[in-house]
Amino acid sequence: MKKLFSIFLFIFLIFSCSGNNNENVIVYNIFSAPKSLDPHKFSDNISLQVSNSLYEGLMRYDKDGKLDLGMAKEYKKLDNTYTFVLKDGLKYSDGTSITIEDVYNGFLRVLDKKELSQYAKMLYVINNAKEYYEGKVSKEELGIKVIDGKLVFELNEDVPYFLSLLTLPLSAPYIENKFNGPYMIKETNEQDLLITKNPNYWRNEDVKIKNIKYVYFNDYSVVNNLIKNGDIDISRVDVELLGDNVNKYYDGRIWYIDYNLFSNSTLKNLHMRKAISEGINRIEYIDVVKKDGSKIAKNLVSDILGYKMDYEIIDFDLDNAKNELEIAKKELNLENISLELLTGNTPIEIKEAQFIQNQLQTNLGIEVKIKTVPFKERLSLIKENKYDIALNTWSPKYRDPLAILDRFYYKDKKIDVFNQKEYQKLIDESKNSLNDRSKKLHEAEKMLLENIIVSPLYFSVENQYVNPKIKGILNIPIGNITDLSYAYIK
């Protein structure tokens, strides 16, 4: 009854806001509210999606998905130094001017430890950025400077993905309630977020969609009905429920089994993790459960990041899995194994968790209890180590293998089941040096896979419904962002 009331209330709100065709409102379902509307503090794809609508960095992607200039008018590169000039006449949504100092201060804010920017470490490729974040050097020693009205970055090494980092809202200036992207916030509440066209955005004339209403529904059957009723224009969908007008694209997102290696003594046993990993039939997972074009993952880094794997896990080997389980039981002095599987509460996640549960119980006799929680609670429980195993996922935010491998750095958590310091060293060196970089990245991934730190399951495909009246949508797979600043209604 409560869900039905919410649906009817939602539909009422949609029609009350967008019933007038002149309002030009696109309703976009993003499943849950963004965790943060601060461009420097996004920590999830939903927040990144919204921030990308409200803010713009020095670089952006053009309508063909190619790297292009954002706030920057031009840049020059000399060895490992980049010099940027801002476009003339840039303004915030309130009409005030954007200065080069604003952009510079934005970077200082990201690197201010007190601000708790989760992705500040992405900027550690800049000379002394890590040391500045840790309070060891002054801003005068930081490799970001304003010189003759230009913004200059001195990198430790000329890493190949630096420009793609600058497409993220991390490189946008931040002043509260001021926006420099194609849209600005008009209204926000618990049910939805309404953003409207920013009249002072430099590409304002290109932006045809006047209003976007972000709404939060995570039940695919509800979403499907709302789409059929014409109440949602864009949403991720379950292709089993809705097969028409669906955009499909790989986004580099890896889904995996996350093991609690910090406080669960059973899962610290390598043979136990091998048994679990090799006891799951991934082909059946993809063909029977997913049925959406997802690909089996035998490693962690997708090839859309320009990466060729040279080491892979065993996909499904039941005999070997049973042997590994027996070894684990003897070493742990356990006869029966019981685990709790943490997962999100969307229907597809529950369905996947039930498949994993059945595989482990049927194939290995491991008792598995499923715990379903909302997205934010799942993240919190994993962070606090209050789980056994979890169905988890990670998507790259920039076009480089580090965008995946850095996820398993675990700066604030110590893992004693493999040589964590060696892994962290490989990651650090891959950030700061081009010397043997590819070799180090492959070595790092191999360490994760050999030690079953996590068990890769599949690379997901994004299935996105788009109302056929909407044209010109740009889907950026890396970061899984939908850019509506080129879109129009036909």
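Nothing here was measured: the structure is a model prediction, and the numbers come from that model. (Residues numbered from 1 in each chain as written. Predicted model: local features only at pLDDT ≥ 70, side-chain atom pairs only at ≥ 80, totals over all residues. Heavy atoms only, no water.)

### Some remarks on the nonpolar core
Side chains that are nonpolar tend, in soluble globular proteins, to be buried together. Core analysis: the largest hydrophobic core is formed by 117 residues, its most contacted members being Leu58, Phe84, Leu151, Phe153, Phe162 and Ile366. At 6 residues, the largest contribution of residues to this core is made by helix H3 (residues 100–110). Look past the residues within four positions of Phe84 in its chain and what remains in contact with it is Leu58, Met59, Ala72, Glu74, Tyr75, Lys150, Leu151, Phe153, Leu163 and Leu166. Core analysis: the second largest hydrophobic core is formed by 24 residues, Ile26, Ile212, Ile234 and Ile470 among them. (Core = buried A, V, L, I, M, F, W, Y, C linked by side-chain atoms within 4.5 Å. Buried < 20%, exposed > 50% of the residue type's maximum accessible area, 1.4 Å probe, protein only. Helix = DSSP H or I, 4+ residues; strand = E, 2+ residues; numbered from the N terminus. Contact = heavy atoms within 4.5 Å.)

### Brief notes about the environment of Ser221
Along the chain, the position of Ser221 falls in helix H6 (residues 220–228). With 17 residues separating them in the primary sequence, Ser221 and Asp238 have C-alpha atoms 8.4 Å apart.

### Describing the pattern of salt bridges
Enumeration according to the criterion identifies 26 salt bridges in this entry. With its nearest N and O atoms 3.4 Å apart, the salt bridge here joins Asp315 to Arg282. In this pair, Asp315 is assigned in the loop between strand E13 (295–296) and helix H9 (318–332) and Arg282 in helix H8 (residues 282–290), connecting sequence segments 33 residues apart. Each member of the pair Asp315 and Arg282 is classed as buried. (Salt bridge = Lys/Arg side-chain N within 4 Å of Asp/Glu carboxyl O.)

### Focus: the confidence of the model for the protein
Counting all residues, the mean pLDDT for the protein is 92, and 95% of those residues have values of 70 or more. Below pLDDT 50 for its whole length, residues 17–22 participates in 6 contacts with residues either more than four positions away or in separate chains. (pLDDT = per-residue confidence, 0-100.)

### Quick look at H6
Where H6 is concerned, the buried positions are Tyr220, Val222, Val223, Asn224, Leu226 and Ile227. At the C-terminal side of H6, Gly230 shows a positive phi close to 80°.

### A closer look at unusual backbone geometry
When glycine is set aside, most residues are seen to have a negative phi, and most peptide bonds are trans. Even without glycine at this site, Leu116 takes up a positive phi of about 55°. Tracing the backbone shows Leu116 in the loop between H3 and helix H4 (129–133). The exposed category is assigned to Leu116, whose relative accessible area is 66%. Non-glycine residue Asp436 carries a positive phi angle of around 55°.

### Quick notes on the pairing of strand E6 (residues 144–147)
Pairing analysis gives 4 bridges linking E6 to strand E7 (residues 150–154), with the strands arranged antiparallel. Bridge assignment links Lys145 to a residue of E7, and that residue is Val152. Between E6 and E7, which pair antiparallel and follow one another directly, the connecting turn spans 2 residues, one of which, Asp148, has a positive phi of 50°. (Pairing = 2+ DSSP bridges.)

### Points about H9
Given a rise of 1.5 Å per residue, 15 residues ought to cover 21 Å, and the 21 Å separating the end C-alpha atoms of H9 matches this to within 8%. When we look at burial in H9, the residues that qualify are Ala321, Glu324, Leu325, Ala328 and Lys329. In an axial view of H9, the angular spread of the buried residues amounts to 140°, which keeps them on one side of the axis. In H9, the exposed residues that point more than 90 degrees away from the buried face are Asp319, Lys330 and Glu331. As for H9, its buried residues are in contact with helix H7 (270–278) and helix H10 (347–364). Downstream of H9 by a residue or two, Asn333 has a phi angle that is positive, lying close to 55°. (Expected span 1.5 Å × (residues − 1). Arc of directions from axis to C-beta.)

### Comments concerning the pairing of strand E8 (residues 183–188)
When E8 meets strand E9 (residues 192–197), the two strands line up antiparallel, connected through 5 bridges. The partner of Glu187 across the bridge, within E9, is Leu194. Following E8, the chain reverses through 3 residues before pairing antiparallel with E9.

### Some points on the packing of aromatic side chains
For any pair of aromatic rings, the description rests on two quantities: the centre-to-centre distance and the angle between the ring planes. Under the defined criterion, the tally for this structure stands at 22 aromatic pairs. Ring geometry for Tyr75 versus Tyr82: centroids 6.3 Å apart, planes at 35°, classification tilted. When the centroid spacing of 4.8 Å and the interplanar angle of 25° are considered together, the rings of Tyr161 and Tyr398 count as stacked. Linking Tyr161 in the loop between E7 and helix H5 (162–165) with Tyr398 in the loop between strand E16 (389–394) and helix H12 (402–405), this pair joins segments that are 237 residues apart in sequence. By the ring-pair criterion, three or more aromatic residues cluster together here, those being Tyr75, Tyr82, Phe84, Phe107, Phe153 and Phe162. The ring of Phe262 carries the charged tip of Lys413 above its face, separated from the ring centre by 4.8 Å. Across the ring face of Tyr409, the terminal group of Lys431 is positioned such that the distance to the ring centre comes to 5.3 Å. (Phe/Tyr/Trp six-rings, centres within 6.5 Å; stacked < 30°, edge-to-face > 60°. Lys NZ or Arg CZ within 6 Å of the ring centre and 35° of its normal.)

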